[in-house]
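Report on the structure
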Amino acid sequence: MCDFSGRLVAWMDRELAGDEAAAVERHVRGCAACRRRVDTYEEVSRAFIAHCDAAMGAKTRRRLQHWVPVLSSAAAAAVLLIVLQPASVKPIPVSPRVADASPAIVLQTAPMRVKRVYRPRRIAPTKTPNADWAFPEPAIQIALPVEAMFPPGAVPEGITIIADLSMGTDGSVQGLRLQP
Amino acid sequence: MSGDSLPLPLPLSCFAADSCEATTLYRELRKPLLRYLVCLGLSADDAQDVVQDAFASLHRHLASGGPQENIRSWLFRVAHNGARNRQLSYDRRFGKPLDPDLESISGEATPEQVVLEKEKFHRLGKAILLLTDSERECLLLRAGGLRYREIGEVLGISTSTVGETVERAIKKLAEKCNV
């Protein structure tokens, strides 16, 4: 064992003063045993740092690994839910139509007559020579019985027809519109 | 493996008004501080908390006009004390300080090399556990880039004692590992 062997690590770490460092350096150049020791100490130092890095990486991963089962389970559950959804979900019950369900109710009551709602058809405006012709408010309203205008039976009872007439200044009819 | 994978524990913006030195220190020392604390036995979360507390203390220290000399050893000392306080409270966590996962350092090595590497690290891990607390702390701080003088300031021992402790610890590891 050399006298310098106790200062090799400090020399490696550049912790020695100038003269002392130079002396150790000269010795290491000429001493194979100390060179091997320096190599060994450097390797141990590197391994120690790598060991610390690995320890920190392991602890970091371990922290993440705590979440991996939770996230994996959640993902698997989500996938299963999506895959199995068509088979596992019951069809939505369709409520019977009123027409289908109504007989059960109607049977307990007297049959009712279907009352049809009459929706009067709109009569398309008659084309007139004057395209800008419009229906003004009636200035004179004259009530005539239908029988006086149409043959008997042509118009059902209870139907009233309003005729809008537009007359020119000379008394000629310029527009006619019939509204039930 | 990299400490950069850990989230930033402290927003750098809080240092913006203080000095660029604090920001530089944060970038330079965050990973060594985390590694030191984790290797002391803290969990990754606790290490993050201690580092955050240490930089918050630095922020207050600089804001109050505290001295800026030896700020690296100051930071490590604050973190060291914070780790010790947590270890006293949660001592059951630290039965096995260093527990390396060698997959991260094997890289693209062959299976035989991986086995040899694992064996070597297994021996190293056992040897590290045989070190005294002071020897382990000196080596950890040395691995963090601190000078012997700074290590002495962190641990409250003289520079010459640090040199002797580091030398003794390295020789122990070399002997136990048969390197």
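What you are looking at is a predicted structure, and each value in this text was computed from that prediction instead of being measured.

A few words on the overall build of chain A. Secondary structure assignment for chain A yields 6 helices and 2 strands. Counting from the amino terminus, chain A carries its helices and strands in the arrangement α-α-α-α-α-α-β-β. Long-range contacts, defined as pairs at least 24 residues apart, comprise 51% of the intrachain contacts of chain A with a sequence gap of at least 6.

Glancing now at the overall build of chain B. Looking only at helices and strands, chain B has 8 helices and 0 strands in total. Counting from the amino terminus, helix and strand elements in chain B follow one another as α-α-α-α-α-α-α-α. Counting over 179 residues, chain B shows a buried share of 40%. The long-range fraction of contacts in chain B, counting pairs at least 24 apart against all pairs at least 6 apart in sequence, stands at 71%.

Our next topic: the nonpolar core. Core analysis: the largest hydrophobic core is formed by 60 residues, its most contacted members being Leu33(B), Leu37(B), Leu75(B) and Ala79(B). A per-element tally of this core places helix H1 (residues 20-40) of chain B first, with 11 residues.

So, about the confidence of the model for chain B. Residue and element names in this part refer to chain B. Residues of chain B with pLDDT of at least 70 account for 76%, and the chain-wide mean is 78. Summarising per-element confidence for chain B, the mean pLDDT is lowest in helix H4 (residues 103-106) (53) and highest in helix H7 (residues 148-155) (94). Low confidence marks residues 1-17, where pLDDT is under 50. Its contacts with residues over four positions away, or in another chain, come to 27 contacts. Under a pLDDT of 50 for its full length, residues 91-95 has, in the predicted model, 4 contacts with residues more than four places off or in other chains.

Residues and elements named next belong to chain B. Of all 11 residues in helix H6 (residues 133-143), 8 are buried, a share of seventy percent or more. Turning to H6, its buried residues are Arg136, Glu137, Cys138, Leu139, Leu140, Leu141, Arg142 and Ala143. At the exit of H6 stands Gly145, carrying a positive phi of roughly 95°.

Another aspect to go through is the packing of helix H5 (residues 111-130) of chain B against helix H8 (residues 159-177) of chain B. All names here are of chain B. Look at H5 against H8: their axes get within 9 Å of each other, and the N-to-C directions meet at 140°. On the basis of the axis angle, H5 is oblique to H8. Every pair of crossing elements has a handedness; the one defined by H5 and H8 is right-handed. Seen from H5, the contacting residues are Lys120, Arg123, Leu124, Ala127 and Leu130; seen from H8, they are Lys172, Leu173, Lys176 and Cys177. Along the lines of polarity and charge, the residues of the contact of H5 with H8 split into 5 nonpolar, no polar and 4 charged.

Let us look at unusual backbone geometry. The phi dihedral of Arg14(A) is positive, around 55°, even though this residue is not glycine. Note on placement: Arg14(A) falls in the loop between helix H1 (8-12) and helix H2 (18-30). Phi angles above zero are rare outside glycine, and Asn70(B) is one such case at about 55°. Mapped onto the fold, Asn70(B) is located in the loop between helix H2 (44-63) and helix H3 (71-89).

Residue and element names in this part refer to chain B. In a regular helix each residue adds 1.5 Å, so 20 residues correspond to 28 Å; H5 covers 29 Å between its end C-alpha atoms and thus fits that length. Within the span of H5, buried status applies to Phe121, Leu124, Ala127 and Ile128. The buried residues of H5 all sit within an arc of 115° when viewed along its axis, so they share a single face. Those residues of H5 that are exposed and aimed more than 90 degrees away from the buried face are Pro111, Glu112, Glu119, Lys126 and Leu130.

So, how was this worked out
Residues numbered from 1 in each chain as written. Chains lettered and ligands numbered in written order. Predicted model: local features only at pLDDT ≥ 70, side-chain atom pairs only at ≥ 80, totals over all residues. Helix = DSSP H or I, 4+ residues; strand = E, 2+ residues; numbered from the N terminus. Contact = placed C-beta atoms within 7 Å. Buried ≥ 20, exposed ≤ 12 C-beta atoms within 10 Å, placed from the backbone. Core = buried A, V, L, I, M, F, W, Y, C linked by C-beta atoms within 7 Å. pLDDT = per-residue confidence, 0-100. Axes fitted to C-alpha atoms, helices over the stretch in contact; angles between N-to-C directions. Parallel < 35°, antiparallel > 145°, perpendicular 65-115°, else oblique. Left-handed = near helix turned anticlockwise from the far one by under 90°. Nonpolar A, V, L, I, M, F, W, Y, C, P; charged D, E, K, R; others polar. Expected span 1.5 Å × (residues − 1). Arc of directions from axis to C-beta.

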